[in-house]
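Here's the letter readout for the chains.
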Amino acid sequence: MFNLHNEDVSKLRFGNLEVAYKFYCWFAKMNGFAVRKGQDVRNKDGVLVQKTFVCNLEGYRKDRRDLTEVTRKRGPKHETRCGCSARLRVHIDIISGLWYITIFSFEHNHYMLTEKHCGLLAAHRKLTKSDQIQIKNYGQAGIKVAQMIGAFANAAGGYDKVGFLKKDLHNQIQRQRKETSSDAKGAVKYLLGLRTKDPLMFVAHTVDACGRLQSLFWCDGESQKNYEVFGDVLAFDATYNKNKYRCPFVVFSGVNHHNQTIIFATAVVSNEVEGTYVWLLEQFLLAMKGKAPVSVITDGDVAMRNAIRRVCPNSYHRLCAWHLLRNAMSNIGNLEFIPYLKKCMLGDNDVWKFEKLWNEMIDKFGLQDNSWIKELYQKKKMWSTAHIRGHFFAGIRTTSRCEAFHSHMGQFVHSKMNMTDFVKQFNRCVCYFRFREVEADFHSQYGNAVLQTPLRSLERSASKQFTHEIFCLVRSVLKKVSLISLCDTQEMASFSIYSVTKYQDEGHVCRVSHSPSNNEFKCSCLRMESIGIPCEHIVAIMVYLDTVEFPTNLVLNRWSKFAKDSIRGNVNDGSHYWDSHLVARHANLVHLSKEVSDLAYKDVDDYKNYLDYLTNEITRLKSKYVGDNGPVNLNGPVEVDNILNPSCARSKGGGPSSNNTTAGRSRRPGTCGGCSQVGHNIRSCPNLAEDGEFPAASSVQSMSVRLSGNNYEGYVNTR
């Protein structure tokens, strides 16, 4: 390619026009310039008979004066450039059908680039089909562009050998995002497409009067099966700034048998009014076959509270303790008040003791006439442990689990992500959380727990029935048994009542009932009914009765190792999982291809044989799987009505909406960098002198005006 002459090139023949174009591109890359397609010549029948390929670089006219001086004074717009005269012209032989070269000119009016610099020209930066697929896979895995280009460089042997730049990656990602006519439509289409792997996939959406996406709700089959087991407690919370439309993101979550956060359903909404939450809860119940949660915990949002009251009237609604304490700080403004409120809110008190503590707190801080305190007291059954006792909440008192999940989700999504990518990346986050459950199952099933208490028989029984995380909680209860003493025993006809008290707490007596017929235990503290873990009072009576194993009524199925046995056969690899057979086959072919490449390239004959073989196979496979309209969808197309993108939402407590052009501070009009006048820039400034300089007075005046606007009056830049 370096030493080709006209005599050599004139002997070349090309099977088609593309081969001729590729030849000239290769020649250009080796010799320091780029190529573009020029004019066509057709005969009277409209048939192409001649094609010209020209140099894509431009040079300066030779009669120009010193270019450096011109550039410095007049700017880039005054540089006079002209096209290069180097070209390659090919003509077709009608008889043989081959293209041959008629003109080959190598006269350039510019400097030739080095090989490394030439590869940076746009004409030589190409993304192959394989590169595009790899970029798409990287994007689906949440890999950022900086890491993408690093991975390509590592595989190619250097950044200069990649064949494209970082901005080409950005452009390709933008093209992939624009494959669908609407971002919202792409998100809905993606979710509906998951039904091919998960028939239970539930998707529902609404649009406004203008056709914009208003609400999008979805949950997969595994979430529905998990809700059958762990749907007694539901945490209902919303978060913001997780997508570029700023639409609130609502998560329906709970807790599994490993005391881990588990996702039941998710939704994206454009507003947070009561009607929106009513629609979400209705879709949630529809997806869960009408099963309402026993208890619901929220952050206290009024729209959420009213929606829960309308759709799930029989569910016990609890307010988040953390949000209430935070509101107390803003409404009372006294740090000494918080410990007293926390004792009333979270203390293990009876109702009478709660009333006593509350009145003492009111008197101490003089809050008899405080409206916020009065409203808080009226809602005491939604936050006071003394009033909530007996209602099952699985030990959840705050929405901190939701907050932790939102924080972890930040590793997968961000505020500039479009709707389609947001849905895909969120599904990856859910997939990761489900793998954490697999790890917890392994730790619960593998090995035996080390016994740490004197109650070895009970501890061993608990380790066999409870998961590892719950067993640790039960073991802490076993360690407290030594502090419990028996005060009194009452024998009834079919059961016995035992009065117990805690060490140095004789005023607080708990009563434990035991029925020998079914070995059932109940305690007046109602901790078993509230959390699902037996209290130390019950365990003390079990020790008194020489019980060696936990009875079945004290081991809730939701906390046991066998909680998911009833649904395990129904939950396979769902919509969030990759097809293991396809992944294995693809990985095997990639491995074999690499081995063939490492061996065949060393010998020329082997290289040519495998090159011909693979080329023929690629042609055959393309004809099989790729039609005239692109790749064939073996699962059938997913048709979705036209859905427009949602408007940028305004979250609770947010500033003015971006859709309101009159809200907020108006944008300052752009000014010229030379004369500071509005309406033009420095390149088109009418005050520009012939020598390329600005008048000194104008420069000083404009500088003083701009600086005085920033309170730097009297300072003049002498540059």
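Data block above holds the structure.
The rules behind these values
- Residues numbered from 1 in each chain as written.
- Predicted model: local features only at pLDDT ≥ 70, side-chain atom pairs only at ≥ 80, totals over all residues.
- Heavy atoms only, no water.
- Patch = residues over 30% accessible without salt bridge, like charges linked within 9 Å, V, L, I, M, F, W, Y side chains within 5 Å.
- Areas by Shrake-Rupley, 256 points an atom, 1.4 Å probe, with all protein chains shown as cover.
- Salt bridge = Lys/Arg side-chain N within 4 Å of Asp/Glu carboxyl O.
- Helix = DSSP H or I, 4+ residues; strand = E, 2+ residues; numbered from the N terminus.
- Core = buried A, V, L, I, M, F, W, Y, C linked by side-chain atoms within 4.5 Å.
- Buried < 20%, exposed > 50% of the residue type's maximum accessible area, 1.4 Å probe, protein only.
- Contact = heavy atoms within 4.5 Å.
- Arc of directions from axis to C-beta.

Undergrad: Sorry, what's going on with a nonpolar patch on the surface here?
TA: A cluster of nonpolar side chains, Val596, Tyr610, Tyr613, Leu614 and Ile618, forms an exposed patch at the surface whose accessible area comes to about 470 Å². For the nonpolar patch, the leading source of residues is helix H25 (residues 604-625), giving 4 residues. Turning to its location among the elements, Ile618 is positioned in helix H25.

Undergrad: In this structure, what is going on with the nonpolar core? I would like to understand it.
TA: Among the nonpolar cores identified, the biggest contains 37 residues, and Phe466, Ile538, Phe550 and Trp559 are the most heavily contacted of them. Listed by contribution, the elements that provide at least two residues to this core are strand S10 (233-239), helix H19 (456-465), helix H20 (468-478), strand S16 (496-502), strand S17 (505-515), strand S18 (520-523) and helix H22 (536-544). In contact with Phe550, other than residues within four places in its own chain, are Leu458, Ser461, Ala462, Gln465, Val474, Leu478, Pro534, Met542 and Val555. Formed by 35 residues, the second largest nonpolar core is a distinct cluster that contains Phe202, Ala204, Ala267 and Leu281.

Undergrad: Would you mind showing me how to read H20 here?
TA: Owing to its 3.6 residues per turn, the α-helix aligns residues three or four sequence positions apart on the same side. Buried within H20 are the following residues: Ile470, Phe471, Val474, Arg475, Val477 and Leu478. Seen end-on, H20 carries its buried residues on one side only, within an arc spanning 150°. For H20, the elements touching its buried residues are H19 and H22.

Undergrad: Explain the environment of Ile373 here, please?
TA: By the secondary structure assignment, Ile373 is in helix H15 (residues 371-378). Looking at Ile373, the relative accessible area reads 3%, which means it is buried. Along the sequence, Ile373 and Ala328 sit 45 residues apart, while their C-alpha atoms lie 8.8 Å from each other. For Ile373, the contacting residues outside a window of four places in its chain are Ile332, Phe337, Trp358, Ile362 and Leu367.

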